[in-house]
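# Fold and geometry: a report
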Amino acid sequence: MECTEIREIISAYVDGEASPEEARRVEEHLGSCAECRSAEKRMRALGVAVTRTEGAVPHDFRENLFARMEAEDLLPKRRSIFVFSVRWAAVPLAAAAAMALYVISSREAPRELSSTAVGPPRVASEMPGPGTTSPAVPGKEERKTQVVANGGKLSPEDREIVANLEILEDPDLFDEPQIDEMEIFVPSSRRRG
Amino acid sequence: MDGMRTDAELMELYRRGSRDAFEELYARHHRRVIHFCYRMTGDQARAEEAAQEVFLRIARAASTYQPTARFTTWMYTIARRTTLNFLRDEKEDGEKVPIHDNGEGRDAAEGLPLPGPEEWDPERIAWGKQLKEKFLEALQNLPEGHRSALLLNRGEGLSYDEVATVLNITVQAVKSRIFRAREALLAELSGVLK
């Protein structure tokens, strides 16, 4: 076969598109024709050149494209971050709300306290020793006496702290029913006990 | 999600309103679209504009996509038509500007020491920057139909049959165009051999 006739078949052969019969004829011709072997090499080199010719991808290409698509209503927008944070902030938000209710309610309960006491209020009493019958937490009257004995000079803020500490030590002082904050956001089905 | 979704499945999801599906399609194909546009237009800026337009057209035409055809075949049909528009705009503006001009009206790559025919070993040839630029310029000098056929097959990996679908021609016509593109490129590149 003449070289000029087979060159187009060699081109298809290089691309893997020659039929089995065509491939056989090409390989047979290449075996005896140096010029066509050289032509085959050059054709393959052009294929490599094509693959090595690449455009650059700008760093903002995606951003610009998606902005244009959103402007044309071709791309649904991402969900609002606010929705995301509400879902994940439910637990701490509920806890914060419970604490706020607790503090507000404790401030509304009337309490009697000497305004002349100074110094840090007692937070915890000594642990009762074996055989003793004294309570772990001193009674209300005893605590008041201790506060008065410290000099009786409390600022309004100190009085507030003392009032809240008394409630924490003795839940009976709190008129509202005891609330388990965890019940607010833990489903009953998951609770233990 | 079990396994990777096909392009056709992603298109269907996108048509139903899934942004993630389109983002996945974009991630899979944006590089090849940019490369194709660059090879077709020979210019980075024009390639970026064309590539953006390709994806916009894909999105606008999503309702017309038929999953019976491969997504990439449909995508390259859009890509080729899009780049044609950019090439037509260029022709209306006047003569093509050489990629590199040394200020004297001649191609700066003239006289470039390219390897001789006996050295065209595809594994050993050194495609340096100058050679790449000369090659890109030579591509732009091909008739668009020949350039498209060569780039879709050699650059994008489409079979002759798929190229025929994209270009709406016969397989024999694809075979002939690619052969003539090769002949023209070799003639142009060989002309600057020292």
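Criteria and cut-off values
- Residues numbered from 1 in each chain as written.
- Chains lettered and ligands numbered in written order.
- Predicted model: local features only at pLDDT ≥ 70, side-chain atom pairs only at ≥ 80, totals over all residues.
- Helix = DSSP H or I, 4+ residues; strand = E, 2+ residues; numbered from the N terminus.
- Buried ≥ 20, exposed ≤ 12 C-beta atoms within 10 Å, placed from the backbone.
- Contact = placed C-beta atoms within 7 Å.
- Nonpolar A, V, L, I, M, F, W, Y, C, P; charged D, E, K, R; others polar.
- Core = buried A, V, L, I, M, F, W, Y, C linked by C-beta atoms within 7 Å.
- Axes fitted to C-alpha atoms, helices over the stretch in contact; angles between N-to-C directions.
- Left-handed = near helix turned anticlockwise from the far one by under 90°.
- pLDDT = per-residue confidence, 0-100.
- Expected span 1.5 Å × (residues − 1).
- Parallel < 35°, antiparallel > 145°, perpendicular 65-115°, else oblique.

## Observations concerning the overall build of chain B
Scanning chain B from N- to C-terminus turns up eight helices and zero strands. From first element to last, N terminus to C terminus, chain B shows the α and β order α-α-α-α-α-α-α-α. Looking at chain B as a whole, 35% of its 194 residues qualify as buried. Sequence separation of 24 or more characterises 63% of the internal contacts of chain B that already satisfy a separation of 6 or more.

## A short note on the overall build of chain A
The helix and strand inventory of chain A stands at eight helices and zero strands. Within chain A, buried positions represent 16% of all 193 residues. Put simply, of all contacts in chain A between residues at least 6 apart along the chain, 67% involve residues at least 24 apart.

## As for unusual backbone geometry
Backbone geometry at Asp73(A) places phi at a positive 60°, although glycine is not the residue there. Note on placement: Asp73(A) falls in the loop between helix 4 (61-71) and helix 5 (81-88). Exposure remark for Asp73(A): the 9 C-beta atoms within 10 Å place this residue in the exposed category. Backbone geometry places Asn168(B), a non-glycine residue, at a positive phi of 60°. Mapped onto the fold, Asn168(B) is located in the loop between helix 7 (160-167) and helix 8 (171-190). The class of Asn168(B) is exposed, set by 8 C-beta atoms lying within 10 Å.

## Regarding the interface of chain B and chain A
Counting residues at the interface gives 42 residues for chain B and 33 residues for chain A. Every element with two or more residues in the side of chain B that touches chain A is listed here: helix 2 (19-41), helix 3 (44-60), helix 5 (129-140), helix 6 (144-155) and helix 8 of chain B. Here the side of chain B that touches chain A takes 10 residues from helix 2 of chain B, the largest share from any one element. Tallied by class, residues from the side of chain B that touches chain A come to 23 nonpolar, eight polar and 11 charged.

## Some words on the nonpolar core
Counting residues in each nonpolar core, the largest one holds 58 residues, and the members touching the most others are Ile10(A), Cys37(B), Ala51(B), Val54(B) and Ala79(B). The leading source of residues in this core is helix 2 of chain B, at nine residues. Sequence-distant contacts of Ala51(B), that is, excluding residues within four places in its chain, are made with Val33(B), Ile34(B) and Cys37(B).

## A short note on the packing of helix 1 (residues 7-15) of chain B against helix 2 of chain B
Residue and element names in this part refer to chain B. Where helix 1 contacts helix 2, the axes come no closer than 7 Å and their chain directions differ by 145°. For the element pair helix 1 and helix 2, the recorded crossing hand is left-handed. Here Asp7, Leu10, Met11, Leu13 and Tyr14 of helix 1 lie close against helix 2, whose contacting residues are Ala21, Phe22, Glu24 and Leu25.

## Regarding the confidence of the model for chain A
Residues and elements named next belong to chain A. Mean pLDDT over chain A stands at 70; residues scoring 70 or higher make up 48%. Under a pLDDT of 50 for its full length, residues 112-151 has, in the predicted model, 46 contacts with residues more than four places off or in other chains. Under a pLDDT of 50 for its full length, residues 174-188 has, in the predicted model, 14 contacts with residues more than four places off or in other chains.

## Digging into the environment of Ala59(B)
Mapped onto the elements, Ala59(B) comes out in helix 3. In sequence terms Ala59(B) and Phe22(B) are 37 residues apart; their C-alpha atoms lie 8.4 Å from each other. In contact with Ala59(B), not counting residues within four places along its chain, are Met69(A), Leu74(A) and Phe22(B).

## Some remarks on helix 3 of chain B
The first and last C-alpha atoms of helix 3 of chain B sit 24 Å apart over 17 residues, in line with the 24 Å expected at 1.5 Å per residue. Every buried residue of helix 3 of chain B is accounted for by Ala47(B), Glu48(B), Ala50(B), Ala51(B), Gln52(B), Val54(B), Phe55(B), Ile58(B) and Ala59(B).

## Some points on the packing of helix 1 (residues 3-14) of chain A against helix 2 (residues 20-30) of chain A
Residue and element names in this part refer to chain A. Between helix 1 and helix 2, whose axes approach to 10 Å, the crossing angle comes to 110°. Between helix 1 and helix 2, the angle falls in the class roughly perpendicular. Relative to helix 2, the crossing made by helix 1 is left-handed. Residue-level inspection shows Ile6, Ile9, Ile10, Ala12 and Tyr13 of helix 1 in contact with helix 2, the latter providing Glu22, Ala23, Val26 and His29. Of the residues assigned to the contact of helix 1 with helix 2, the class counts are seven nonpolar, one polar and one charged.

## Focus: the confidence of the model for chain B
Residue and element names in this part refer to chain B. When pLDDT is averaged along chain B, the result is 83, and 76% of the positions lie at 70 or above. Residue range residues 93-119 is modelled with pLDDT below 50. Its contacts to residues more than four positions away, or to other chains, number 36 contacts. Scored as a whole, the predicted complex attains pTM 0.64, and scored at its interfaces, ipTM 0.80.

## Quick notes on the environment of Arg15(B)
Residue and element names in this part refer to chain B. Within the secondary structure layout, Arg15 lies in helix 1. Residue classification places Arg15 among the partly exposed residues on the basis of 14 C-beta atoms within 10 Å. As a C-alpha pair, Arg15 and Ala62 span 47 residues in sequence and 6.4 Å in three-dimensional space. If we skip the residues at most four places from it in the chain, Arg15 touches Ala62 and Ser63.

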